[in-house]
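# Working through the structure, step by step
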Number of protein chains: 2
Amino acid sequence: MKNNQFAQKSVNLNTVKQELAQIGFDPVEIENSKNVADAFLKLLKKALVNVNDKSSQIEKLNNLLATPDQQLGNYLVNNGEINQQVFYLVVLQLLQFQADVDFKINDPISAMKKINLAYIPKTAKWNKNDLLKAWYLLLTTHTKNGQTYLDHLANQGFFKGISKEHPLFFNGKAQAIFEPNDLIYETVYVETDTDSDKDGNADLIKVEITRPKTSFKLGTLYTASPYDQGTNDDWGEQMTHNVDEPLARKEPDDTTYSDIQYQKQPQKFSTRKTMGFSDHATEHHTPKPGYTLNDYFLMRGYAVVYSSEIGTKDSDGIQTCGSHAQTDATVSVIEWINHKRRAFTNRTDNIEIKADWSNGNVAMTGRSYLGTLANAAATTGVDGLKTIISEAAISSWYDYYRENGLVMAPGGFQGEDADVLAAETFSRSLNPGDNLKIRPFFDRYLASMKNLMDRTTGNYNEFWDERNYRNDISNIKADVLIVQGLNDWNVKPVNAAKLWQGISHLPINKKIILHQGQHIYINAFRSFDFNDIVNMWISHELYDVDNDVMEQIPNMIVQDNVKPETWTKQKSWLDNSGKKYYLNQHGLTDTSETGQLTYHDQLDQAEFKQYRISPQKWAKDLLDQNGPLKANQLLFKTPNLTEDQIISGFPKLHLRIATSKNVGLLSARLVDYGEANRLNVTPTTLVPKGLLLGHKWYTDDLREFTLNKHPTPSKMISFGHINLQNRHSSYQNDELVPHQFYDIDLTFQPTFYHLPAGRKLGLVLYGTDFQMTQRGNQKIDYTIDLENSYLQVPHK
Amino acid sequence: MKNNQFAQKSVNLNTVKQELAQIGFDPVEIENSKNVADAFLKLLKKALVNVNDKSSQIEKLNNLLATPDQQLGNYLVNNGEINQQVFYLVVLQLLQFQADVDFKINDPISAMKKINLAYIPKTAKWNKNDLLKAWYLLLTTHTKNGQTYLDHLANQGFFKGISKEHPLFFNGKAQAIFEPNDLIYETVYVETDTDSDKDGNADLIKVEITRPKTSFKLGTLYTASPYDQGTNDDWGEQMTHNVDEPLARKEPDDTTYSDIQYQKQPQKFSTRKTMGFSDHATEHHTPKPGYTLNDYFLMRGYAVVYSSEIGTKDSDGIQTCGSHAQTDATVSVIEWINHKRRAFTNRTDNIEIKADWSNGNVAMTGRSYLGTLANAAATTGVDGLKTIISEAAISSWYDYYRENGLVMAPGGFQGEDADVLAAETFSRSLNPGDNLKIRPFFDRYLASMKNLMDRTTGNYNEFWDERNYRNDISNIKADVLIVQGLNDWNVKPVNAAKLWQGISHLPINKKIILHQGQHIYINAFRSFDFNDIVNMWISHELYDVDNDVMEQIPNMIVQDNVKPETWTKQKSWLDNSGKKYYLNQHGLTDTSETGQLTYHDQLDQAEFKQYRISPQKWAKDLLDQNGPLKANQLLFKTPNLTEDQIISGFPKLHLRIATSKNVGLLSARLVDYGEANRLNVTPTTLVPKGLLLGHKWYTDDLREFTLNKHPTPSKMISFGHINLQNRHSSYQNDELVPHQFYDIDLTFQPTFYHLPAGRKLGLVLYGTDFQMTQRGNQKIDYTIDLENSYLQVPHK
């Protein structure tokens, strides 16, 4: 077990005393204790939240050891000396570490170091100030279950009875002083600035607010989730496209960006006339668990707002999958929270209701489509949006459903496309009465969408340009915290990378966290204090807490992919120069050689069928140089590495390539070769419901990335795909003459990969990607001119 | 989707009116409505828990259809006719079924039938009484998410404001009228009738009570869970026994049962002197989710009590794994709840605290070890214990860790034994201060336990006889509800079967539910109303509700293993006569033939190593007649069955067998052969957190057994194992002369198995069972005399 806490802040003795006093550990009382043991006893008793008679307190303390052979209660009653050794033996026990397993009772400090827990260095006998500093540090240190000790106390009811008339910040982070019974659940209807269902009226959207009852004005976490009101999975499945389609020849053209640039059209629609005001909501929503990070903040004095936006259950409009109209609706909610837009108590009476509980400050949260709408909202520069936590979020929908002139799957979802997702999330269809009215219009919209998104060419066009939020990146005023999985082949790393590049010169605060998982949340990991980091960030953004978060939290944190539970500060990601590897008969080397190598795309029907059913098996076979796919790939490896490498940034491939037909695609995978127990990309649940999110509140499963118990021979690091007719851009079609060689550049998905000494770096070239591309199984052969082909690997 | 509701009770019109009135659907108001449409509108408005203004109510109702082309709100306002067609179109929508997916909007009744939802048969125009009857039925019918519609309303806050001075029963079941904020969390220390740590004082054990605040006296659900205070997994792992041990020769003897019968020894110890009384607890415990069935009942007016018993964190005593001392401690808690024993506020002051909130009635709940302690408590006949819900519970520990003179694994845990489990659950070790005092004593106890449990012979002895609760089965006074998975190879079905047989003639109520899962809980399944059944049962047992539960719920419910979501009433399990199959060269047939067949036990080292690492692979290969293990087994199959069979009860095998050594074991598996998509034995999560357990309360994951998407060639139905030296009993050693034939009878684990036409019944004989037995890899050959060998399969 290794602890990584980035949001644990050092403070001076004055602050220690002041903040301890604020939560009921009175420094004056400590000062007046007869000695340090007595002072420690006072602190410990107060931390025994669940017992309040003297005998029980001593009983409970006697469950702990002060020294290898003395029980803590007796030791303190008998005025034992307090020093580093005693204090940290106690600390390890309080933090739920296990004797003999996690630490040795005669050497606590070695365990503190090994587990990476902060401690006071002074070894000699402690005085009361040492004790106070150490106690403060303990309160901000994580238990074995990935929460601060103060959170652990709060979950037991430590803050019961404390004033709820202001949020409580400790060590720069809001504390869980609220209880579920304090929560109010309200539903309102925000009038948007769009009329996506073309009924002549501005679309109303349903917004669900959950907030603690208090007199102070609340900051808001807002999650725009098109899934939140339910999904129509069967419809989505029905609409899923057949991907066993041949690659189509595209007529060469000279399309330029201005030809396909999206132009926003002005809309005409009426807005409602306010018929009165209400100081309370007349509709409520059913309490239920949400995104656990939001639930975590509800107990800490924040409002949480969900909206599924246009086209969803109980809202107007239609699902458009990333259009400007959807962004407009998303932003409307922020404007209402920021007191600049109207909401109504229901859809009929036009009775206005104000967000009078709000301080006007909004942070957007959520992963995937949810984070995508946070990206979308940020690029409008809307007032009130102080920050977005952009988790595994799309920054351009072309990078989600297409790549370099090819139709591309979001990992695991072959055949999905913008229209499928629109239908699936069009939850108005789940209300049959509402569906009756809107469905004909939406069916027409879907038909036109299918045409506009263009699965035939796979090219970037006006449809995708409207859905490229990066076009408006310079508008961003909100601070940005990006979270991206380096093994996320659903929302692929390029989305985060290009957002990160795009905001690099903007006058905003920005941070990025790269983890080794796939398409997951990272807010319940034992080894990494993500919740604390976000807490520190949000407390500053929404309540202006002066907590030095921008200095405290590194701009870039990266999880190591070799050593478990290792998260480190990094300087840069995307700006490394590349090491050039030439492709030749013997692998990847420093020097080029002449020659040609050929591989085929087509498989016999039995093989093709097998790989269609199990793309996982295909992916495994592809990486095997002598496997059943050896004629369908070219595989190049370096010799065993003599020292560790960090590949950081966009790997690039330059090829001189010819195809036997007038169509063609190039796929390439960068591979880590060498038998090893690698980190699982899906987290392991350590303790189901092991993480309490507050007192009497919801829970989360405690998780961690663990090493695979079985060694594997290889692992894909990154990949890339390109249509050979899109050598210049994803919107212009190039000529492709059979057997003629062309130079082509392919950029891989960006990575941050630790390749240890003893492994080999590998490159696999192939055509059809059973996991990602369409699968025409065409008879196409590809030939590479080795002398003019090389791989460029960005090294740190 | 198919619904199976056993606890939905038919009632007469008077009861309908009376119970509806009780929950706020006033029949007088319905009677006074201007017409049936208006009456329906009144009921629906009241069910719209989250909206309370008129416009919103009509809006929400217009989200639903009354007919394929009319919205419900408008239809009712315009006094549309109410009939079966209209009502059940609305019902399907209210129950969250999806149009086009689950039902057709022009034919609701077909869907009601197909999904197996109860409905009123009258097709002609309805009157107000029809409406009331149908509304009552709706409230008791399950939604698509496996809860009654009334539960669905309760989760939204329907019962807010209702009196909490008495529990509310509707359709014979307690309703979720409480909220989390009503709960009180108390910890007390019960003085037991045992001194397992031999310190001269009766052991005190910690007991955690959670109960709704109310003035009525509560019934109690009590879960005895040795895991609840934490486990010491590392220690358990260290202590796990090596199972790669040869089978040991046992000297023949003539041991009789009386030689090894356990005799309870009288204990001497002091009890405490009460020094005062407290009317409130001075220690509390941290609110957290528990067994979700218990959490479900907390909102319905029941107290929930957990105790980890002796040897656990904050309690006295030691872990003994099933001893009488553990049973005594378990029972002590019931006695305290039943006002017949003392508890104290802490471990020091001897201040007594009464269970003055209790009505004295207790039901024990929990699965596995938890259910085991329920079995243990029931066999004492303790007063106050009204019922046990015995889920996957051990009835004799010999049937958990041993079988017929062999050391046997609980499925999946090779090398575990009573001492391992005792160490693992000895959570006093998690308190280092407490561990300091008690550990030396417990280490000595563990050493003696290792000796007494006897892994050398695997025989039944005094140690196991003490741990055979069935010895005291005739003491049982509590009603018994047994739940057992037919694919549970951890706590194997024999435990439930022998308990079921043992109680068959006792003057108690008893019911049994057999499901097709492994070692799991079944209280969150969409297709089966387990929670309702238990609710009806418990409401009767603990509050004397006159709900006809004994007639309403079948004595035996069995899940079908072929058709998903199919649970049926059955008459009997274990009393079927057998069909005899002779073993011969050509398989299993009706007539015997002469001949001998031989198989080997030993594997070469490489194979042995491979199967040690992956017993799953071994199990797969074993069932393959032409696979790598063909020399290590004999495999007999019937021809394809021409009609469906139900195998119900204990299959039995009679063999005439010889071994090449003076030691030997026989293992046998009964197998279902034939390519098919079989039911998964581990449930699929349909909706994470999809089941709300009350208003503002915890959730459960909605689950279901689903068909495997991939067909499999075979599936084990049952198995059995026997030491060839235990032909007469598990405590007496028989002679075994090499190459001499002996007659031996082996009883398989009982089953209830639907073997469809077209499949084959198979029998596999072998020696070492890599999943279950020790693995000596000895050079032993076994020979079967076919003429005198047959299988007896109990058929329904």
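Calculation criteria
- Position labels on residues start from 1 in each chain and follow its written sequence.
- Whichever chain is written first becomes A and whichever ligand is written first becomes 1, with later ones labelled in order.
- Thresholds applied to this predicted model are a pLDDT of at least 70 for local features of residues and 80 or more for the giving and counting of side-chain atom pairs; totals over whole chains, interfaces and linings are not thresholded and use all residues.
- Side-chain metrics in this entry use all non-hydrogen atoms of the structure; hydrogen atoms and water are not considered.
- Comment: elements are numbered from the N terminus, with helices defined as DSSP H or I runs of at least four residues and strands as E runs of at least two.
- With the radius of gyration taken over C-alpha atoms, the globule rule is written as 2.2 Å times the number of residues to the power 0.38.
- Accessibility here uses a 1.4 Å probe with only protein chains present; expressed as a share of the type maximum, an area under 20% marks a residue as buried, one over 50% as exposed, and anything in between as partly exposed.
- Residues are treated as being in contact if the distance between any of their heavy atoms lies within 4.5 Å.
- Using the Shrake-Rupley algorithm and a 1.4 Å probe, accessible areas are obtained, with residue cover drawn only from the displayed protein chains.
- In this description, a line fitted to the C-alpha atoms serves as the axis of each element, helices being fitted only across the stretch in contact, and the angle between N-to-C directions of two axes falls anywhere from 0 to 180 degrees.
- The cut-offs work like this: below 35 degrees is roughly parallel, past 145 is roughly antiparallel, 65 to 115 is roughly perpendicular, and the gaps in between are oblique.
- Each residue receives one of three labels: charged for Asp, Glu, Lys and Arg, nonpolar for Ala, Val, Leu, Ile, Met, Phe, Trp, Tyr, Cys and Pro, and polar for the others, Gly being one of them.
- UniProt positions are given in the numbering used here, feature names are shortened, and annotations may be inferred rather than shown by experiment.
- Note: buried area is the sum, over both parts, of the accessible area (probe 1.4 Å) each one loses when the two are combined.
- Salt bridges, as used here, are contacts in which a Lys or Arg side-chain nitrogen is within 4 Å of a carboxyl oxygen on Asp or Glu.
- Note on pairing: two strands pair once DSSP finds at least 2 bridges between them.
- Less than a right angle of anticlockwise turn of the near helix away from the far helix marks a crossing as left-handed, whereas a clockwise turn marks it as right-handed.
- Superposition of the copies used a least-squares fit over C-alpha atoms from residues whose pLDDT is at least 70 in both.
- Aromatic rings from Phe, Tyr and Trp, with only the six-membered ring used for Trp, were paired whenever their centres fell within 6.5 Å, and each pair was classed as stacked if the ring planes differed by under 30 degrees, edge-to-face if by over 60, and tilted otherwise.
- In this analysis the charged atom, NZ for Lys or CZ for Arg, is taken to sit over a ring once it is within 6 Å of the ring centre and within 35 degrees of the ring normal.
- Detection works on a 1 Å grid of protein atoms alone, calling trapped sets that fit a 1.4 Å probe cavities and calling open sets with protein on both sides within 12 Å along at least five of seven lines pockets, with lining residues defined by an atom within 4 Å of a point.
- Grid points are joined across faces, edges and corners, and a volume is the space filled by probe spheres set on the points.
- In this entry, domain limits derive from an automatic or database-based domain assignment.
- Polar contact is defined as a pair of N or O atoms within 3.5 Å, subject to the rule that within protein one atom must be able to donate a hydrogen and the other to accept it, and that residues adjacent in sequence are counted only when both atoms are side-chain atoms.

## Structural notes on the overall build of chain A
The helix and strand inventory of chain A stands at 23 helices and 34 strands. Its C-alpha atoms give chain A a radius of gyration of 29 Å, near enough to 28 Å, the size a compact globule of 796 residues would have. Here chain A holds 796 residues, and the buried ones make up 66% of them. Considering only residue pairs separated by 6 or more positions, chain A has 78% of its internal contacts joining residues 24 or more positions apart. Put simply, chain A shows about 28,000 Å² of open surface, and 47% of that area lies on carbon and sulfur atoms.

## Regarding the packing of helix α22 (residues 605-613) of chain A against helix α23 (residues 615-622) of chain A
Residues and elements named next belong to chain A. Where α22 contacts α23, the two axes come as close as 5 Å, and the packing angle between them is 110 degrees. Regarding the angle of α22 to α23, the classification is roughly perpendicular. Here Q610, Y611, R612 and I613 of α22 come into contact with α23, specifically with P615, K617, W618 and D621. Taken together, the residues that form the contact of α22 with α23 break down as 4 nonpolar, 1 polar and 3 charged.

## Description of the UniProt feature "domain: Xaa-Pro dipeptidyl-peptidase C-terminal" (unreviewed entry) in chain A
Residues annotated in UniProt with the feature "domain: Xaa-Pro dipeptidyl-peptidase C-terminal" (unreviewed entry) correspond here to residues 535-792 of chain A. Along residues 535-792 of chain A, the helical share is 12% and the strand share 41%, with 39 Å between the first and last C-alpha atoms.

## A few points about the UniProt feature "domain: X-Prolyl dipeptidyl aminopeptidase PepX N-terminal" (unreviewed entry) in chain A
Within this structure's numbering, the places UniProt gives as "domain: X-Prolyl dipeptidyl aminopeptidase PepX N-terminal" (unreviewed entry) are residues 1-158 of chain A. In residues 1-158 of chain A, helix accounts for 51% and strand for 3%; the two terminal C-alpha atoms are 27 Å from one another.

## What to know about the interface of chain A and chain B
With 56 residues of chain A at the contact, the number on the chain B side is 56 residues. The three residues of chain A that bury the most area against chain B are N50(A), N63(A) and K696(A), which together make up 13% of that side's buried surface. Here chain A and chain B share 4 salt bridges between them. Note that K60(A) is salt-bridged to D314(B), the shortest N-O span being 3.4 Å.

## Side note on the sheet that holds strand β23 (residues 633-637) of chain A
Residues and elements named next belong to chain A. The strand order β23-β32-β26-β29 describes an open sheet built from 4 strands, whose pairing is antiparallel. Looking at which strands have only one partner, the edges of the open sheet turn out to be β23 and β29 (712-723). In this sheet, neighbouring strand axes are inclined to one another by 20 degrees on average, regardless of whether the strands run parallel or antiparallel. Across 7 bridges, the pairing between strand β26 (residues 665-676) and strand β32 (residues 760-766) is antiparallel. Counterpart to R669 in the pairing with β32 is V764.

## Examining the packing of helix α3 (residues 36-47) of chain A against helix α8 (residues 128-139) of chain A
Residues and elements named next belong to chain A. Put simply, α3 and α8 touch, their axes get as near as 9 Å, and they point 25 degrees apart. Between α3 and α8, the angle is such that the two are roughly parallel. Seen along the crossing, α3 lies across α8 with a hand that is right-handed. Of the residues in α8, those in contact with V36, A39, F40, L43, L44 and A47 of α3 are K128, L131 and W135. Residue classes in the contact of α3 with α8 are distributed as 8 nonpolar, no polar and 1 charged.

## Some points on the relation of the copies chain A and chain B
What relates the two chain copies is a rotation about an axis together with a slide along it. Least-squares fitting of chain A to chain B yields an RMSD of 0.0 Å, with the transformation described by 0.0 Å of translation along the axis and a rotation of 180 degrees. Viewed as a symmetry operation, the transformation between the two copies matches a two-fold axis. Comparing interface residues between copies, 100% of those in chain A also lie at the interface in chain B; the contact surface is shared.

## Focus on helix α14 (residues 369-378) of chain A
Since the α-helix packs 3.6 residues into each turn, any two residues three or four apart lie on the same face. Residue and element names in this part refer to chain A. Most of α14 is tucked away, with 10 of its 10 residues classed as buried. Buried within α14 are the following residues: Y369, L370, G371, T372, L373, A374, N375, A376, A377 and A378. Looking at the packing, one finds that the buried side of α14 touches β7 (218-224), α13 (324-337), β12 (358-364), β13 (385-391), α16 (418-425) and α19 (493-503).

## Things to note about the pairing of strand β28 (residues 699-704) of chain A
All names here are of chain A. Of all 6 residues that make up β28, 5 are buried, and the element is covered over most of its length. With 5 bridges connecting them, strand β27 (residues 684-692) and β28 associate as antiparallel partners. By the bridge assignment for β28, T684 is matched with E704. Between β27 and β28, which follow one another and run antiparallel, lie 6 residues, and K696 among them has a positive phi close to 60 degrees.

## Considerations on the packing of aromatic side chains
Following the criterion strictly, the structure yields 92 aromatic pairs over all chains and no others. Measuring from ring centre to ring centre gives 5.1 Å for Y302(B) and Y543(B), while their planes differ by 55 degrees; the resulting arrangement is tilted. With Y302(B) in strand β9 (residues 302-307) and Y543(B) in helix α20 (residues 530-543), this residue pair connects regions lying 241 residues apart in the sequence. Under the relative-accessibility criterion, Y543(B) is labelled buried at 15%. In textbook terms, an aromatic cluster arises when at least three aromatic residues are bridged by ring pairs, as seen for Y227(A), Y257(A), Y369(A), W397(A), Y398(A), Y400(A), Y401(A), Y460(A), F463(A), W464(A) and Y731(A). The ring of Y673(A) carries K637(A) above its face, with NZ or CZ at 4.2 Å from the centroid. Over the ring of F463(B) we find R467(B), and its NZ or CZ is 3.8 Å from the ring centre.

## Remarks on empty space enclosed by the protein
If you roll a probe as big as a water molecule over the atoms, it shows you where there is empty space left. Going through the model one piece at a time under the given rule, you end up with 18 cavities of 30 Å³ or more. In this model, the largest cavity occupies a volume close to 150 Å³. Of the residues that constitute the lining of the largest cavity, the class distribution is 6 nonpolar, 10 polar and 4 charged.

## Some points on the sheet that holds strand β32 (residues 760-766) of chain B
Residues and elements named next belong to chain B. Pairing in this open sheet of 4 strands is antiparallel, and the strands run β23-β32-β26-β29 from one edge to the other. Two strands in the sheet have a free side with no partner beyond their single neighbour: β23 (634-637) and β29 (712-723). Going across the sheet, the axis of each strand differs from the next one's by a mean of 20 degrees, ignoring polarity.

## Describing the domain arrangement of chain A
All names here are of chain A. Assigned domains of chain A: these are domain 1 (13-174) and domain 2 (578-794). Look at where the C-alpha atoms of domain 1 and domain 2 centre, and you get two points 51 Å apart. Opposite the 8 residues of domain 1 that make contact, domain 2 presents 7 residues. Note on domain 1 versus domain 2: buried area summed over both sides is about 550 Å², and carbon and sulfur give 52% of it. When the buried surface of domain 1 facing domain 2 is broken down by residue, N145, Q147 and N155 rank first, second and third, together holding 73% of it.

## Things to note about the environment of N50(A)
Structurally, the position occupied by N50(A) is in the loop between α3 and α4 (54-62). Given the relative accessible area of 14%, N50(A) is considered buried. Taking the C-alpha atoms as reference points, N50(A) and Q156(A), 106 residues apart in sequence, are found 7.0 Å from one another. With near-sequence residues (within four places) excluded, N50(A) lies in contact with Q156(A), T282(B), E283(B), H284(B), H285(B) and T286(B). Reaching out from N50(A), the side chain makes a polar contact with the side chain of T286(B) at a distance of 3.1 Å.

## Some remarks on the environment of K198(B)
All names here are of chain B. The residue K198 is located in the loop between β5 (183-191) and β6 (204-212) in this model. When its relative accessible area of 59% is taken as the criterion, K198 is described as exposed. In the structure, K198 is positioned 69 residues away from Q267 in sequence and 9.3 Å away in space, judged by C-alpha atoms. When residues no more than four places from it in sequence are discounted, the contact partners of K198 are Q267 and F441.

## Side note on the pattern of salt bridges
Pairs can form between side chains of opposite charge once their charged atoms are near each other. Inspection of the entire model under this criterion finds 80 salt bridges over all chains. K206(A) is paired through a salt bridge with D314(A); the nearest N and O atoms lie 2.6 Å apart. Placement of the pair is K206(A) in strand β6 (residues 204-212) and D314(A) in the loop between β9 (302-307) and α13, with a sequence separation of 108 residues. For K206(A), a relative accessible area of 7% corresponds to the buried category. In this structure, K60(B) engages E283(A) in a salt bridge whose closest nitrogen and oxygen atoms are separated by 3.0 Å. In this pair, K60(B) is assigned in helix α4 (residues 54-62) and E283(A) in the loop between β8 (276-278) and α12 (292-298), connecting two distinct chains.

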